[in-house]
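# Observations on chain architecture
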Amino acid sequence: MLLPLALAQFICSFAGSNMNVMINDISQDLDTTVQGVQIAITSFLLVMAALMIPGGKLTDRYGRKRCFTAGLVLFGAGALLCAVAPGLGVLMLGYSILEGVGTALLIPPVYILTTLLFSGVAGRARAFGAISAMGGVGAAAGPLIGGLITSALGWRWAFVFQALIVAAIVWLSRRVPDPLPPDPTRHFDTRGAVLSAAGLVLVVTGILAADNSGWLMIGLMAAGALVLLLFFRWVREQERAGGEPLLSTALFQNRTSNLGLVTQNAQWLVLMGSSFVVAAYLQVVRGYNAIETGLIFTAATAGLLTSSLAAGRLARRRPQRNLIMAGFVVTAAGIGTLLAMVIGTPKVWAFAPGLLLIGLGIGLMLTPSVNVVQSSFGDDLQGEISGLSRSVSNLGSSLGTAIAGTVIVAGITKTPERAYGLAMVVLAVVALLGLAAAAFLPKPGLPVAGAPVPGEP
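Residues numbered from 1 in each chain as written. Predicted model: local features only at pLDDT ≥ 70, side-chain atom pairs only at ≥ 80, totals over all residues. Heavy atoms only, no water.

Now for the overall build of the protein chain. For the protein chain, the count of helices and strands is 17 helices and zero strands. In summary, the protein chain has a C-alpha radius of gyration of 20 Å against a globular reference of 23 Å for 457 residues, a match within 12%. Taking all 457 residues of the protein chain together, 59% fall into the buried category. At a minimum sequence separation of 6, the contacts of the protein chain that also span at least 24 residues come to 83%. Entry remark: accessible area of the protein chain is about 16,800 Å², with carbon and sulfur atoms responsible for 68%. (Helix = DSSP H or I, 4+ residues; strand = E, 2+ residues; numbered from the N terminus. Rg over C-alpha atoms; globule rule 2.2 N^0.38 Å. Buried < 20%, exposed > 50% of the residue type's maximum accessible area, 1.4 Å probe, protein only. Contact = heavy atoms within 4.5 Å. Areas by Shrake-Rupley, 256 points an atom, 1.4 Å probe, with all protein chains shown as cover.)

Below, the structure written as structure tokens:
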């Protein structure tokens, strides 16, 4: 039962990172720019983030298994469309829209089913460890696998590979049970879904506009903040009237979960941001091709796989708070190493130590953060918290590509070393903010008053 769920997380994470090594190939083939590819990647991640909460809510109404399968079908169709795309517009339709919507439908069921099928901190840690490991490996190994496919067959075959994996998941998941029956009478908050999605889109679009116009950036981000404010006001009004809003305010009243969400956002922001920055620097500045760029990321893949696979064992021996804090410390050290060893050094091996440390650090804390959040609520809120959790994580991925990507793209042709250094400094600050949030998680033996014990409904 766990294999198709883990593979689903793998292919969605793979789709978010393998494009990084195809920047030059896609730009030349589709007659676009590095910024065009960045917008496609960011849009894919943003669609996931914007629709993950509604996607989690739909699982209650239509069933977790049905949403999972529908998401896979949409994802596969998008991958095949990308494989034959004649231009950037069609590529974005298949990749950013269809694959993004498909991911938003299929990922919440992965975490809901895992939470329902496994119980206890250790049991869930092993299950989430396998899923998080596959997700992390998909993100870290995406450049390597994508580079191999692109160099051997062409970038379009990377999307054919995605479609084949999706077909395998559909076949493997045919016997995965849905522990809870769907409830067709459950209300779906359409207005809340539109407001939340519009707010997130405006905020991230504002970040992407920073390189073109400062006033446009401020205007879009302010508009996004206003729409999100209207969304939360609508949620409160619905709850006061006895309705069922898109999100329950109870999700934000658990201090442990809130801090866990902050750490999730920071982890994926750093992982996807560093992946895009290093890949863009290697291809545009150093002139490396897809396979050479992918091979350099092997260090990050090895580190992430090593620490992720040990997640279950570490969860039994160490408090989750300590694992998350240690992960951020190691990740920040990796970013510092990339700053110290890469600038002014022509040797390709200079990237390996920093990427290895980033992989080890991210893999060390992915599972504890997910377990902290999911285990903070009972079964009745799993649909909502799963959607919120995945939305926050994918928003982090989108922000990583948008913020760090915008910084490096702005100066990659004129002052590449400076642009690379500034982008890495931004990611280091995010890692330190994540460490600060983790430090406020409850210490072992000191649960938050009124909060559920992790691992217990």
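Moving on from the model shown.
A full pass over the atoms with the stated rule returns two salt bridges. Put simply, Glu237 and Arg233 hold a salt bridge, and the shortest N to O gap is 3.6 Å. Here Glu237 pairs with Arg233, and both are found in helix 9 (residues 214–240), just four residues apart, close to one helical turn. Classification of Glu237 by relative accessible area gives partly exposed; the value is 35%. Owing to a relative accessible area of 49%, Arg233 belongs among the partly exposed residues under this scheme. (Salt bridge = Lys/Arg side-chain N within 4 Å of Asp/Glu carboxyl O.)

Looking now at the packing of helix 12 (residues 298–309) against helix 15 (residues 351–374). In contact at an axis separation of 7 Å, helix 12 and helix 15 are set at 25 degrees when each is read in the N-to-C sense. In terms of axis orientation, helix 12 runs roughly parallel to helix 15. As for the relative orientation of helix 12 and helix 15, their crossing is right-handed in sense. Residues Ala299, Ala300, Gly303, Leu304, Thr306, Ser307 and Ser308 of helix 12 form the contact with helix 15, whose participating residues are Ala352, Leu355, Leu356, Gly359, Leu360, Ile362, Gly363 and Leu364. (Axes fitted to C-alpha atoms, helices over the stretch in contact; angles between N-to-C directions. Parallel < 35°, antiparallel > 145°, perpendicular 65-115°, else oblique. Left-handed = near helix turned anticlockwise from the far one by under 90°.)

Turning to a nonpolar patch on the surface, a few remarks are in order. On the surface, a cluster of nonpolar side chains totalling about 290 Å² of accessible area is made up of Leu226, Leu229 and Leu230. Note that Leu226 resides in helix 9. (Patch = residues over 30% accessible without salt bridge, like charges linked within 9 Å, V, L, I, M, F, W, Y side chains within 5 Å.)

Let us now look at the layout of surface pockets. Of the pockets and cavities examined, the second largest pocket occupies roughly 270 Å³. Going through the elements one at a time, helix 8 (190–208), helix 9 and helix 16 (382–411) are the ones with two or more residues in the lining of the second largest pocket. Per element, the largest residue contribution to the lining of the second largest pocket is four residues, and it comes from helix 16. Among the residues making up the lining of the second largest pocket, the classes are represented as 12 nonpolar, two polar and no charged. (1 Å grid on protein atoms, 1.4 Å probe; cavity = no way out; pocket = protein on both sides within 12 Å on 5 of 7 lines; lining within 4 Å. Points joined across faces, edges and corners; volume = space filled by probe spheres on them. Nonpolar A, V, L, I, M, F, W, Y, C, P; charged D, E, K, R; others polar.)

In this structure the tally under the stated criterion is nine aromatic pairs. With a centroid separation of 4.5 Å and 20 degrees between ring planes, the pair formed by Phe44 and Tyr95 is classed as stacked. With Phe44 in helix 3 (residues 34–62) and Tyr95 in helix 5 (residues 88–117), this residue pair connects regions lying 51 residues apart in the sequence. For Phe44, a relative accessible area of 0% translates into the label buried. Taken together, Phe44, Tyr95, Trp155 and Phe159 form an aromatic cluster joined through their ring pairs. Over the aromatic face of Trp171 sits the side chain of Arg174, whose NZ or CZ is 4.1 Å from the ring centroid. (Phe/Tyr/Trp six-rings, centres within 6.5 Å; stacked < 30°, edge-to-face > 60°. Lys NZ or Arg CZ within 6 Å of the ring centre and 35° of its normal.)

Where helix 4 (residues 64–83) contacts helix 5, the two axes come as close as 7 Å, and the packing angle between them is 155 degrees. As far as their axial angle goes, helix 5 and helix 4 are roughly antiparallel. Of the two possible hands of crossing, helix 4 and helix 5 adopt the one that is left-handed. Broken down by class, the residue content of the contact of helix 4 with helix 5 amounts to 23 nonpolar, five polar and two charged.

So, about the environment of Pro353. By the secondary structure assignment, Pro353 is in helix 15. The spatial distance from the C-alpha of Pro353 to the C-alpha of Gly334 is 7.2 Å, given a sequence separation of 19 residues. Setting aside its immediate chain neighbours within four residues, Pro353 contacts Thr337 and Met341.

So, about the environment of Val330. Mapped onto the fold, Val330 is located in helix 14 (residues 320–342). Overall, Val330 belongs to the partly exposed group, its relative accessible area being 25%. Remark: the alpha-carbon pair of Val330 and Val370, spanning 40 residues in sequence, is separated by 19 Å. What Val330 contacts, discounting residues up to four positions off in sequence, is Leu357, Leu360 and Gly361.

Rolled over the atoms, a probe as big as a water molecule pinpoints where empty space is left. A complete count under the given rule lists four cavities of 30 Å³ or more for this structure. When its volume is computed, the largest cavity comes out at roughly 160 Å³. Looking at the lining of the largest cavity, the elements with two or more residues in it are helix 1 (2–17), helix 3, helix 5, helix 10 (255–285) and helix 16. For the second largest cavity, the calculated volume is near 60 Å³. As for the second largest cavity, its lining consists of Ala139, Ala140, Leu271, Met272, Ser274, Ser275, Phe297, Ala300, Leu355 and Ile358.

Right, let's get into helix 15. If you check helix 15, its first and last C-alpha atoms are 35 Å apart, about what 24 residues at 1.5 Å a residue would give, namely 34 Å. Maximum bend of helix 15: about 25 degrees, positioned at Leu366, with proline Pro368 one to four residues after it. (Expected span 1.5 Å × (residues − 1). Bend = angle between axes of the 7 residues up to and from the residue.)

Attention now moves to the nonpolar core. One broad rule of soluble globular proteins: the nonpolar side chains tend to lie buried together. Of all hydrophobic cores here, the largest spans 110 residues; its most connected members are Met19, Leu91, Leu338, Phe351, Leu355, Ile408 and Tyr420. With 14 residues, the single largest contributor to this core is helix 10. Contacts of Met19, omitting those with residues within four sequence positions, involve Ile26, Val37, Ala40, Ile41, Leu91, Tyr95 and Phe159. Listed in part, the 21 residues of the second largest apolar core include Val227, Val373, Leu381 and Leu388. (Core = buried A, V, L, I, M, F, W, Y, C linked by side-chain atoms within 4.5 Å.)

A separate point is helix 8. One turn of the α-helix equals 3.6 residues, which is why residues spaced by three or four share an orientation. Compared with an ideal rise of 1.5 Å per residue, which puts 19 residues at 27 Å, helix 8 spans 27 Å between its outermost C-alpha atoms and is within 8% of the ideal. Taken as a whole, helix 8 has its buried residues at Gly192, Ala193, Leu195, Ser196, Ala197, Gly199, Leu200, Val204, Gly206, Ile207 and Leu208.

On their own, these measurements won't tell you what the molecule is for.
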